[in-house]
Amino acid sequence: VYQLRLHDHNSAVDAYENALRAMPEHPSALEALAGIAFEQRDFSRARELYSRLPEDKASITPDVLAFRLGIIAEGLGDDHGALAAFSRAAELMPNSPEILAGLSRAAMRTGSLDAAIKAARAQLELLPVNDVQAVAEARLELAKLYAKVGDTEQAIRYNELVLFENPRSQPALRALYSCLL
């Protein structure tokens, strides 16, 4: 822990690896190494370490663990694994825009467009209205999803909402043009 606080990751990794050699299922060492691997985007290693960590022994909350597992699966191209992990995270923390965004992305990539729309709408409802950029991005994502399911009316509606706030939004103009063709 001391080495981590000093940002000496190599020494910290060595210390935690030594702890695992002495006790292969040491929860603190597993979690610390998994966290370091996650931060360094070494998703294969993070997944392997988190899979060995009993959830009841983790210091991070189950929703954070599920969210991390979703990001890891996403990073490894495991869309179904990402969907399962983000779904679990959303069950545990239904009011997290970040979790709902991940759920929407994973659902879209697996072809679960209704689930993607549901998550994207829930995410949009949670965004602060004064975060104009985030709201616009969420609306554009919803417009794309509605266009994919063939609901042109809703796709137009969400693109128009973006244009109401920013009449020069090129992504919204292009998408609206595509809807009207």
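Residues numbered from 1 in each chain as written. Predicted model: local features only at pLDDT ≥ 70, side-chain atom pairs only at ≥ 80, totals over all residues. Heavy atoms only, no water.

I'd like to hear about the overall build of the protein, residue by residue, with values.
What the protein contains, in helices and strands, is 11 helices and zero strands. In sequence order, the protein lays out its α and β elements as α-α-α-α-α-α-α-α-α-α-α. Against the globule reference of 16 Å for 181 residues, the protein gives a C-alpha radius of gyration of 20 Å, more extended than a compact globule. In terms of principal-axis extent, the alpha carbons of the protein reach across some 65 × 30 × 25 Å. Here the protein, with 181 residues, has 40% of them falling under the buried criterion. Restricting to contacts in the protein with at least 6 residues of sequence separation, those with at least 24 account for 40%. When the accessible surface of the protein is split by element, carbon and sulfur atoms take 53% of a total near 10,400 Å². Averaging the coordinates of the 19 positive side-chain charges in the protein and doing the same for the 25 negative ones gives two points 2 Å apart. (Helix = DSSP H or I, 4+ residues; strand = E, 2+ residues; numbered from the N terminus. Rg over C-alpha atoms; globule rule 2.2 N^0.38 Å. Buried < 20%, exposed > 50% of the residue type's maximum accessible area, 1.4 Å probe, protein only. Contact = heavy atoms within 4.5 Å. Areas by Shrake-Rupley, 256 points an atom, 1.4 Å probe, with all protein chains shown as cover. Lys, Arg positive; Asp, Glu negative; His and termini not counted. Charge placed at Lys NZ, Arg CZ, Asp CG, Glu CD.)

Before we move on, can you summarise the packing of aromatic side chains with the specific residues and values?
For the coordinates displayed, the defined rule picks out three aromatic pairs. Where Phe38 meets Phe43, the ring centres are 6.2 Å apart and the plane angle is 55°; that geometry is what we call tilted. Classification of Phe38 by relative accessible area gives buried; the value is 16%. Relative to Phe86, the ring of Phe67 lies with its centre 5.8 Å away and its plane at 55°, an arrangement referred to as tilted. Of this pair, Phe67 sits in helix 5 (residues 62–75) while Phe86 is found in helix 6 (residues 79–92), placing the two residues 19 residues apart along the sequence. (Phe/Tyr/Trp six-rings, centres within 6.5 Å; stacked < 30°, edge-to-face > 60°.)

Any chance you could break down the environment of Leu49 for me, citing the residues and the numbers?
You can see Leu49 is positioned in helix 4 (residues 43–52). Taking the C-alpha atoms as reference points, Leu49 and Ala29, separated by 20 residues in sequence, lie 9.4 Å from one another. Setting aside anything within four residues of it in sequence, one finds Leu49 in contact with Leu20, Leu30, Leu33 and Ala34.

So what's going on with unusual backbone geometry? Which residues, and what values?
In the Ramachandran plot, Arg41 falls in the positive-phi region, its phi being about 60° despite a non-glycine side chain. For Arg41, the location among the structural elements is in the loop between helix 3 (27–39) and helix 4. By relative accessible area, Arg41 is classed as exposed at 59%.

Describe in detail helix 8 (residues 113–126), supporting the description with residues and values.
Under the 1.5 Å per step criterion, the end-to-end length of helix 8 is 20 Å for 14 residues, consistent within 8% with the ideal 20 Å. For helix 8, the complete set of buried residues consists of Leu113, Ala116, Ile117, Ala119, Ala120, Gln123 and Leu124. Seen end-on, helix 8 carries its buried residues on one side only, within an arc spanning 170°. When the buried face of helix 8 is taken as reference, the exposed residues oriented beyond 90 degrees from it are Asp114, Lys118 and Glu125. Structurally, helix 8 contributes buried residues whose contacts are with helix 7 (97–109), helix 9 (132–148) and helix 10 (152–165). (Expected span 1.5 Å × (residues − 1). Arc of directions from axis to C-beta.)

Describe the packing of helix 5 against helix 6, listing the residues and the values that go with them.
How two helices pack is summed up by the angle between their axes together with the distance between the axes. Relative orientation of the contacting elements helix 5 and helix 6 amounts to 160°, with a least axis distance of 8 Å. Taken as axis vectors, helix 5 and helix 6 run roughly antiparallel relative to one another. For the pair helix 5 and helix 6, the sense of crossing is left-handed. Contact residues: Pro62, Asp63, Ala66, Phe67, Leu69, Gly70, Ile71, Ala73 and Glu74 in helix 5; Gly81, Ala82, Ala85, Phe86, Arg88, Ala89 and Leu92 in helix 6. Considering only residue class, the contact of helix 5 with helix 6 consists of 11 nonpolar, two polar and three charged. (Axes fitted to C-alpha atoms, helices over the stretch in contact; angles between N-to-C directions. Parallel < 35°, antiparallel > 145°, perpendicular 65-115°, else oblique. Left-handed = near helix turned anticlockwise from the far one by under 90°. Nonpolar A, V, L, I, M, F, W, Y, C, P; charged D, E, K, R; others polar.)

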